[in-house]
Amino acid sequence: MTDFRLVVVSAGVSEPSSTRLLADRATQRVSALALQRGHAVTVTTVDLRELLPELPTAMSNQLLGPKFTRAVDALVGADALVVATPVYKAGASGLFTSFFQVLDNDLLIGKPVILAATAGTARHALVVDEELRALFAYLRTLPVPTSLFAATEDWTDKALGARIDRAAKELVLLMESGFARAVKDESWGAYQHSYGSAGGTELGIELDSDLMRLATGGSLRDSDEDPFDPRRQV
Amino acid sequence: MQFGIMSVSDITRDPVSGVTPSEAERIDAIVKIAVHAEEVGLDVFAIGEHHNPPFVSSSPTTLLAHIGALTERLVLTTSTTLVTTNDPVRLAEEYAMLQHLVKGRMDLMLGRGNTAPVYPWFGQDIRQGLPLALENYNLLHRLWREDVVDWEGQFRTPLQGFTSTPRPLDDVPPFVWHGSIRTPEIAEQAAYYGNGYFANNIFWPKEHYQRLIRFYRQRFEHYGHGTQKQAIVGLGGQAFLAKNSQDAHDRFRPYFNEAPVYGHGPTMEDFEEMTPLSVGSPQEVIDKTLTFRDAFGDYQRQLFLVDHAGLPLKTVLEQLDLLGEHVVPVLRAELAARRDPEAAEAPTHAALVTAKYGDAEPRQPRPNANRGDNVTGGSPYQDSETAVAAYPSL
């Protein structure tokens, strides 16, 4: 059976944090379910609070400090993610969105994700589906169908546990499908990349392109139409 | 190995005195800094090109020609010349003229420019920045090597029978560096033409351009210009010096904290750790600079950024004194001792003349009398008479 690497990203800032607690409950269910199905799961947790000192430089200069770099490296190798944020002022925490805004667009392509949020009131319940889902769609991840949201009253409600089970099951099934790896192997080139993107792993150089031909004295104009094209054999 | 300084020509408020220099003061200061660079024994002065305040250097060749008249040894270059928003025909003309005026003591570094609003001011579009840079250089390359150019591309109006004047000094084009830290196409173009490759070495994690420099070296060899070790690499860097480390940190910190590009962000210590910035005693700057060779191999040119972020002229001149007296001589000796004998020398006009002509006299083009156009013949120059087709006889 396959071993999976799960990365948990939590933007909870209090200690203990209910956001982190929700992420951990989902993570435990994922690990347990995967184990039942014969997979070992290695969990790496990224507590975004610890990255706070490095955030300004990352946002203004794209210069990643050592903790940021470790987080990106973990995400590069992740088979799936559990991401969790508190809701502030009717939106995901700024720390949470900033972190994902700094990452390369092609870092998480095809990876399954459990989206989770906590709030002080149930009136924020749609933040996960209306805000997080859009962000993770942009990153071309594969969010599981069941979103996790916990307001104060949910912590004592068995229904939250049921939703966690459901989301965890969905995540395990998606991991088992090997979708992200297949995308990486079979259609990675169909996505937009730039030199050094995908967390510094995208370092291949394609020589067979119009721009590379232009770099080597060629022309962008169709050689049949361009009487001055030096490549033309007259 | 050449050592020098590069300026971006920013006019920044001095955060310690509160004074913002006038454009007139800053231009005078840049000239003094360049002249002093020669006085303290540096080899190269590079000026940037910008077309928006708070920068002042919009016309690099005018500035460099003036500095050339005030100096004797200093190699004058750019950091960078915008190959996107400038017409390559004007670049060919202006830099050839500069080359004549400073008797070959110049070269230039090409870059794209990353300020989107500047492009439309010159009728261009930043989204086409890369193809524009590549195509423009292809044309520039030919304009300096062919007396008469017929050309048609995607971006510029076509040329028929065009001669860029003056022809390069000794009919040897200025040496060209291509500056880039994340664009494989630029590295490929530099390699294809056997030109130099320059990494500004200021921000980006070095692993990215380390890979690009390796790629450039491999492709340089692939295109038959020499071995990988003979490829021509230049690096930037920034330094602030004082006799001891603590003074350097204390004096530079207010400027670092307010610097236009990275100010109000990371701490100076973090930035020193994460980037090539070195703040410290001469020995510390020497040690850090020596790591560049370990990372990128033997290289031909080291340029330091020293006159930015509102540092007053007096401080910049002192920085040059320290660089010239305590840092560069040691770096010269240390790097010479470590240097692979196969590594290329830094490019100079004299070396390029020798490479082209050996012991023979360089070509000195003399134009034929004006015939109203240069479309109908081969070359408008006397020494190419045989190639002139003249008018058809009936």
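Anyway, here's the lowdown on the structure attached to this text. Since this is a predicted model, take the numbers as computed values, not measurements.

Rules of the game
- Here the residue index of a chain counts from 1 through its sequence in written order.
- Written order decides the labels, with chains lettered from A and ligands numbered from 1.
- Given that this is a predicted model, residues contribute local features only at a pLDDT of at least 70 and side-chain atom pairs are listed and counted only at 80 or more, while totals for whole chains, interfaces and linings are drawn from all residues.
- With hydrogens and water set aside, each side-chain value is computed from the structure's full complement of heavy atoms.
- Every helix listed is a DSSP run of H or I at least four residues long, and every strand listed is a run of E at least two residues long, numbered separately from the N terminus.
- When we talk radius of gyration, it's over C-alpha atoms, and the globule rule is simply 2.2 Å times the number of residues to the 0.38.
- Whether a residue is buried, partly exposed or exposed follows from its accessible area with a 1.4 Å probe, protein chains only, as a fraction of its type maximum: under 20%, in between, or over 50%, in that order.
- The contact criterion used throughout is that any non-hydrogen atoms of two residues lie within 4.5 Å.
- Every accessible area reported is derived by Shrake-Rupley at a probe size of 1.4 Å, with residue values counting cover from the shown protein chains alone.
- When charges are counted, neither His nor the chain ends are considered; positive counts come from Lys and Arg and negative counts from Asp and Glu.
- A single reference atom marks each charge: NZ on Lys, CZ on Arg, CG on Asp, CD on Glu.
- By the criterion applied in these results, polar contacts are pairs of N or O atoms within 3.5 Å in which, for protein atoms, one can donate a hydrogen and the other can accept it, and in which residues neighboring in sequence qualify only through two side-chain atoms.
- Accessible area, probed at 1.4 Å, shrinks when two parts are joined; the buried area is that loss added up over both.
- Salt bridges are counted wherever a side-chain nitrogen of Lys or Arg sits within 4 Å of a carboxyl oxygen of Asp or Glu.
- Amino acids are sorted into nonpolar (Ala, Val, Leu, Ile, Met, Phe, Trp, Tyr, Cys and Pro), charged (Asp, Glu, Lys and Arg) and polar (every other residue, Gly among them).
- Paired strands, as defined in this entry, are two strands with at least two bridges between them according to DSSP.
- Definition used in this section: a nonpolar core is a set of buried Ala, Val, Leu, Ile, Met, Phe, Trp, Tyr and Cys residues joined via side-chain atoms within 4.5 Å.
- Two rings belonging to Phe, Tyr or Trp (six-membered ring only in the last case) form a pair when the distance between their centres is within 6.5 Å. Interplanar angles under 30 degrees mark stacking, angles over 60 mark edge-to-face geometry, and anything in between is tilted.
- Here, a charge over a ring is recorded when the distance from Lys NZ or Arg CZ to the ring centre is within 6 Å and its angle to the ring normal is within 35 degrees.
- To obtain each axis, a line is fitted to C-alpha atoms, and for helices this fit is confined to the stretch in contact; angles are then taken between N-to-C directions over 0 to 180 degrees.
- When describing relative orientation, an angle under 35 degrees is termed roughly parallel and one over 145 degrees roughly antiparallel, while 65 to 115 degrees is termed roughly perpendicular and anything else oblique.
- By the definition used in this description, the sense in which the near helix is turned from the far one sets the handedness, with an anticlockwise turn below a right angle giving left-handed and a clockwise turn giving right-handed.
- When the strands point away from the viewer and the connection leading from the first strand across the helix to the second strand turns clockwise, the crossover is called right-handed.

Concerning the overall build of chain B
For chain B, the count of helices and strands is 12 helices and 13 strands. For 394 residues, the compact-globule estimate of 2.2 N^0.38 gives 21 Å, and chain B sits close to it at 22 Å. Taken along its principal axes, the extent of the C-alpha atoms in chain B is 85 × 45 × 40 Å. In chain B, which comprises 394 residues, the proportion classed as buried is 57%. Relative to all contacts within chain B whose residues are 6 or more apart in sequence, the contacts with residues 24 or more apart total 69%. Carbon and sulfur atoms provide 53% of the accessible area of chain B, an area that totals close to 16300 Å². Each charge class in chain B was averaged separately, 34 positive and 50 negative side chains, and the resulting centres sit 2 Å apart.

Re the side chain of glutamine 99 of chain B
Following the sequence through the fold, glutamine 99 of chain B ends up in helix 3 (residues 88-101). For glutamine 99 of chain B, the side chain forms a polar contact with the main-chain oxygen of valine 172 of chain B, separated by 2.8 Å.

Topic: unusual backbone geometry
The residue after proline 53 of chain B, namely proline 54 of chain B, is reached through a cis peptide bond having omega 10°. Relative to the helices and strands, proline 54 of chain B resides in the loop between strand 2 (44-47) and helix 2 (60-70). One non-glycine residue with positive phi stands out, namely alanine 198 of chain A, at about 55°. You can see alanine 198 of chain A is positioned in helix 9 (residues 197-200). Take alanine 198 of chain A: its relative accessible area is 3%, and that puts it in the buried class. Of note in this structure, lysine 103 of chain B is not a glycine but carries a positive phi near 55°. Exposure remark for lysine 103 of chain B: the relative accessible area of 64% places this residue in the exposed category.

Regarding the interface of chain A and chain B
It is common to give the size of an interface as the accessible area lost on bringing the parts into contact. In this assembly, 24 residues from chain A lie in contact with 33 residues from chain B. When chain A packs against chain B, the two sides together hide about 2600 Å² of surface, and 67% of this comes from carbon and sulfur. Counting across the chain A and chain B interface gives zero salt bridges. The interface formed by chain A and chain B includes five residue pairs in polar contact (both at pLDDT 80 or more). At the level of secondary structure, the elements contributing two or more residues to the side of chain A that touches chain B comprise helix 3 (55-61) and helix 10 (210-215) of chain A. Ranked by residues supplied to the side of chain A that touches chain B, first place goes to helix 10 of chain A with four residues. A class-by-class count of the residues in the side of chain A that touches chain B yields 13 nonpolar, nine polar and two charged.

Remarks on the pairing of strand 5 (residues 112-118) of chain A
Residue and element names in this part refer to chain A. Counting buried residues in strand 5 gives seven out of seven residues, a clear majority hidden from the surface. The two faces of strand 5 match: Pro112, Ile114, Ala116 and Thr118 on one face and Val113, Leu115 and Ala117 on the other face are all buried. Taken together, the six bridges between strand 3 (residues 80-88) and strand 5 define a ladder with parallel strand orientation. Its bridge partner lying in strand 5, leucine 81 is registered against valine 113. Bridging between strand 5 and strand 6 (residues 142-143) involves two bridges; their strand directions are parallel. Bridging across to strand 6, proline 112 finds its partner in leucine 142.

Overview of the nonpolar core
The biggest cluster of nonpolar side chains holds 71 residues, and the ones touching the most others in it are Ile5, Phe45, Ile67 and Phe252 of chain B. Considering each element in turn, this core owes the most residues, eight residues, to helix 11 (residues 313-338) of chain B. Not counting residues within four places of it along the chain, the set of residues in contact with phenylalanine 45 of chain B comprises Ile5, Ser7, Ile30, Ala34, Leu64, Ile67, Leu74, Val75, Leu76 and Thr77 of chain B. Core analysis: the next-biggest nonpolar cluster, separate from the first, contains 38 residues, Ala11, Leu55, Ala74 and Val87 of chain A among them.

A look at the environment of valine 261 of chain B
Mapped onto the secondary structure, valine 261 of chain B falls in the loop between helix 8 (245-258) and helix 9 (268-274). Along the primary structure valine 261 of chain B and alanine 309 of chain B are separated by 48 residues, whereas in three dimensions their C-alpha atoms are 8.6 Å apart. Beyond its immediate chain neighbours, meaning those up to four positions away, valine 261 of chain B contacts Asn61 of chain A together with Phe203 of chain B.

Things to note about the packing of aromatic side chains
All names here are of chain A. Taken as a whole and judged by the stated rule, the model has 16 aromatic pairs over all chains. Between phenylalanine 96 and phenylalanine 136 the ring centres are 6.3 Å apart and the planes differ by 45°, which places this aromatic pair in the tilted class. A residue pair is termed long-range when its members are at least 10 positions apart, and phenylalanine 96 in helix 5 (residues 94-102) and phenylalanine 136 in helix 6 (residues 127-138) qualify at 40 residues. Judged by relative accessible area, which is 0%, phenylalanine 96 ranks as buried. The rings of Phe68, Phe96, Phe99, Phe100 and Phe136 are connected pair by pair, giving a single aromatic cluster. Positioned above the aromatic ring of tryptophan 188 is the side chain of lysine 184, whose terminal nitrogen or guanidinium carbon lies 4.1 Å from the ring centre.

Notes on the packing of helix 1 (residues 23-39) of chain B against helix 2 of chain B
All names here are of chain B. At a minimum axis distance of 10 Å, the contact between helix 1 and helix 2 shows a crossing angle of 45°. As far as their axial angle goes, helix 2 and helix 1 are oblique. Considering how the two elements wind past one another, helix 1 and helix 2 form a crossing that is right-handed. Touching Ile30, Val31, Ala34 and Val35 of helix 1 are Leu63, His66, Ile67 and Leu70, all from helix 2.

A closer look at the pairing of strand 1 (residues 4-10) of chain A
Sheet faces and side chains relate simply in a regular strand, where the side chains alternate between the two faces. Residues and elements named next belong to chain A. Within strand 1, six of the seven residues are buried, leaving the element largely enclosed by the surrounding structure. With seven bridges joining them, strand 1 and strand 2 (residues 41-47) adopt parallel strand pairing. The residue bridging valine 8 from the neighbouring strand is threonine 45, located in strand 2. In terms of handedness, the path from strand 1 via helix 1 (residues 18-36) over to strand 2 forms a crossover that is right-handed. Pairing of strand 1 with strand 3 involves five bridges; the strand directions are parallel.

Describing the pattern of salt bridges
Counted according to the given criterion, the structure contains 32 salt bridges over all chains. With a closest N to O distance of 3.9 Å, aspartate 154 of chain A and arginine 163 of chain A form a salt bridge. Across the salt bridge formed by arginine 90 of chain B and glutamate 94 of chain B, the nearest N and O atoms sit 3.0 Å from each other. Note that arginine 90 of chain B and glutamate 94 of chain B are positioned in helix 3 at a spacing of four residues, about one turn of the helix.

Some details on the environment of leucine 6 of chain A
Residue and element names in this part refer to chain A. Looking at the secondary structure, you find leucine 6 in strand 1. Through-space distance from the C-alpha of leucine 6 to that of proline 16 is 22 Å; in sequence the pair is 10 residues apart. When residues no more than four places from it in sequence are discounted, the contact partners of leucine 6 are Thr27, Val30, Val41, Thr42, Val43, Thr44, Ala80, Leu81, Val82 and Leu171.

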